[in-house]
Amino acid sequence: APSVRGSMFSRRASSSPHTADTARAAISRRYVSSAEESMPRSLNTLPTARGVAGVGAGRPQRRGLFQYRAMNVKERIREMVTKKDRSEKDFYWKEGVLPKLAASKAFEMCTLLTIVLNAVWIGIETDLNDSPVLNDAHPVFQAGEHFFCLFFFCEWLTRFIAFRRKADCLQEKWFIFDTGIMIPMVLETWALSLFFAILRALGGEVGLSSKMGNVTLFRLIRMLRLVRLLRIAKVLRCVPELLVVVNAMTYACRAVVMTLGLLLSVIYTTSVGFTSVTRDMEIGQKYFRSVPAAMHTLMIVGAFPDLTEILWDIVNENLMVWFGMFVYILIASLCIMNMMVGVLVEVVKSASHTEKEALDAELVRTTILDWANDRGWDTSDPKEVTLTDEDCWELMDDQKARTVFQDVGVDVMELVDILEMQFVETRAMEFPTFVELVLQLRSGNQATVKDLIITRKVITHELRSIRKLVARRAPA
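Everything quoted here is computed from the prediction, not taken from an experiment.

A. Looking closely at the pattern of salt bridges. One pass over the structure, following the stated rule, counts 16 salt bridges. The salt bridge involving Glu188 is made with Arg228; its shortest N-O contact spans 2.7 Å. With Glu188 in helix 7 (residues 173-203) and Arg228 in the loop between helix 9 (216-222) and helix 10 (232-237), the pair connects residues that are 40 residues apart, well separated along the chain. Arg228 carries the same exposure label as Glu188, and that label is buried. The salt bridge partner of Glu394 is Arg375, with a shortest N-O separation of 2.9 Å. Of this pair, Glu394 sits in helix 17 (residues 389-397) while Arg375 is found in the loop between helix 16 (319-374) and strand 3 (386-388), placing the two residues 19 residues apart along the sequence. Under the relative-accessibility criterion, Glu394 is labelled partly exposed at 36%. Accessibility expressed as a relative area gives 37% for Arg375, which makes it partly exposed.

B. Spotlight on the packing of aromatic side chains. On inspection of all chains with the given rule, the structure shows 17 aromatic pairs. Measuring from ring centre to ring centre gives 5.4 Å for Tyr92 and Phe163, while their planes differ by 90°; the resulting arrangement is edge-to-face. Of this pair, Tyr92 sits in the loop between helix 3 (64-82) and helix 4 (97-103) while Phe163 sits in the loop between helix 6 (139-162) and helix 7, placing them 71 residues apart in sequence. For Phe163, a relative accessible area of 0% corresponds to the buried category. In this structure an aromatic cluster arises from ring pairing among Tyr92, Phe153, Trp156, Phe160, Phe163, Phe175 and Trp190. Directly above the ring of Phe160 sits Lys166, whose terminal nitrogen or CZ lies 5.4 Å from the centroid. The ring of Phe152 has Arg231 lying over it, and the distance from NZ or CZ to the ring centre is 3.9 Å.

C. Just a nonpolar patch on the surface, in detail. Together, Leu98, Leu101, Leu157 and Ile161 make up an exposed nonpolar region whose accessible area comes to about 270 Å². Those elements that provide at least two residues to the nonpolar patch are helix 4 and helix 6. Position of Leu157 relative to the elements: it lies in helix 6.

D. Main features of the environment of Thr259. Along the chain, the position of Thr259 falls in helix 12 (residues 253-277). A distance of 2.8 Å separates a polar side-chain atom of Thr259 from the backbone oxygen of Ala255.

Criteria and cut-off values
Residues numbered from 1 in each chain as written. Predicted model: local features only at pLDDT ≥ 70, side-chain atom pairs only at ≥ 80, totals over all residues. Heavy atoms only, no water. Salt bridge = Lys/Arg side-chain N within 4 Å of Asp/Glu carboxyl O. Helix = DSSP H or I, 4+ residues; strand = E, 2+ residues; numbered from the N terminus. Buried < 20%, exposed > 50% of the residue type's maximum accessible area, 1.4 Å probe, protein only. Phe/Tyr/Trp six-rings, centres within 6.5 Å; stacked < 30°, edge-to-face > 60°. Lys NZ or Arg CZ within 6 Å of the ring centre and 35° of its normal. Patch = residues over 30% accessible without salt bridge, like charges linked within 9 Å, V, L, I, M, F, W, Y side chains within 5 Å. Areas by Shrake-Rupley, 256 points an atom, 1.4 Å probe, with all protein chains shown as cover. Polar contact = N/O pair within 3.5 Å; in protein donor to acceptor, adjacent residues only side chain to side chain.

Listed below in C-alpha cells is the structure:
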C-alpha cells in the first residue's frame, strides 16, 4: 500500500540521515568526475555514472554540462561570500612590540590626528612662510616640517617592520599609497635641506635666494608639500558618509564627462558662428577675437555668469592658474554643490517617509486604544493589552476602525483573511503585534525577504495540514 511504502521510506530516512547525505555527496562527486573526463570529447552528451543506485545505466545524460557549470558557479559564489577580506594587519607578525603597536587602534587614531594637524599646518605655513627654501625659513617652520616628516617616516617604518614577509607590503594599496607620499616628503624636507646646507657651506653666508637668483624653481619644488594633502583620503576612509559621497562622484564620472563633452560641442559650434559673424564688429574684437576667445566668453557667460570678472583676470594673467580655477569650479560648483542638492532632496524625502510612517502607526494605535477604552478596557499599559479572535472580529465590524485602516492604505479584506489564518494556531494576540500586522498590510509596502519567509511558512503549514488530512482519510 502507498501508506506502508511511505512509512517504510520515512523510517529509513529518519533512522540514517547521515547515510543519505553521504550517498548524495558520493553521487555528486562521481557525476562531476565523469563530466570532467568527458568534456574534451563532447560538450553536449556526458556518460552516466554506471552503478549509481542502479538507475539510468548506459544512458547518455543530457544537460550534464550545464549542471557541471552550475556546480562550479555555486562553488565560486560560495567562496566569494565566505572569503574574508584581508587587511594589512593580517600580514603582520603576531608577536613583537612593533607589530602590536602597528596593529593597535591607538596607533591608527594618532596617525589620523597627525594627518589632520599636518593639513592645518600646511595652510598656516603657506600664509606665513615666504621663504622658498626651508633652510631660510623661521626656526618654528623648520621645526614643524622636521617634526611631521619624522613622525610619518617612523609610522611608515613601523608598519614596514611589522610585515612578516616584506614582499607582502607590495600587495597593500594603502601602504603603497603612503610610500608614494613619503618619498617626496623625505626628499623635500631632508634631502633638499641637506643639499642647500652644503651649498650654503660652499658659498658662504649669502642667502640662497640671492645666490640662486630665480626662486621660481624652488617655489615649484616646495609645492611638493601639497602631495601630503592626499593623506586626507585615509581620514575619509574612516567616515563612511564621506566615502559614500566620494564613491558616488566616482560612479558619476562617466555621465559628467559625457555631459561636459556635449556642452563643449555646443560651445564650440556657437563660438565658430559668433567669430565669423562678429569679425568686423567692435564686440567681435572685444569678446570674439578668435574661436578659443569666443569659447571662453560663451563658457563663463553662459555657465558661470557670477565668475566672469575673475576668470577674465586670471586668463589674462596665467593660463595654468586659469585651468586650475576651471577644474575647481567644475568639481566644487557643478559636482559637489549639485550633489548636495540631491542629498538634501533625498534626506527630505526619507524624513517625509519616516514621518508618514510614524503618523500612520500613531493613528492606528490611537484608534485601537480608543476602541478599547470605549469598552472599558484598562489601556494604561498598551503592551499588556491582549486581543482575542472575538475582539478582532468585533474591531473589524467597527466602522471608524475600518475607515482608519483604509485611510492608511490597509486592505481590510486581506487583513480579515490574515487574522483568520493567525487565529488557527492561537486564540490571542498582543496589542503591539496586532498593530505591526495591520501596518504590514498597507498597499504601499514593498515585499521583503521577511514576507517571502512568512509565505513559505504558510505554504509549508498548509501542505503539512493537507498531508495529515490525506493520511487520515487514506484506506488502511
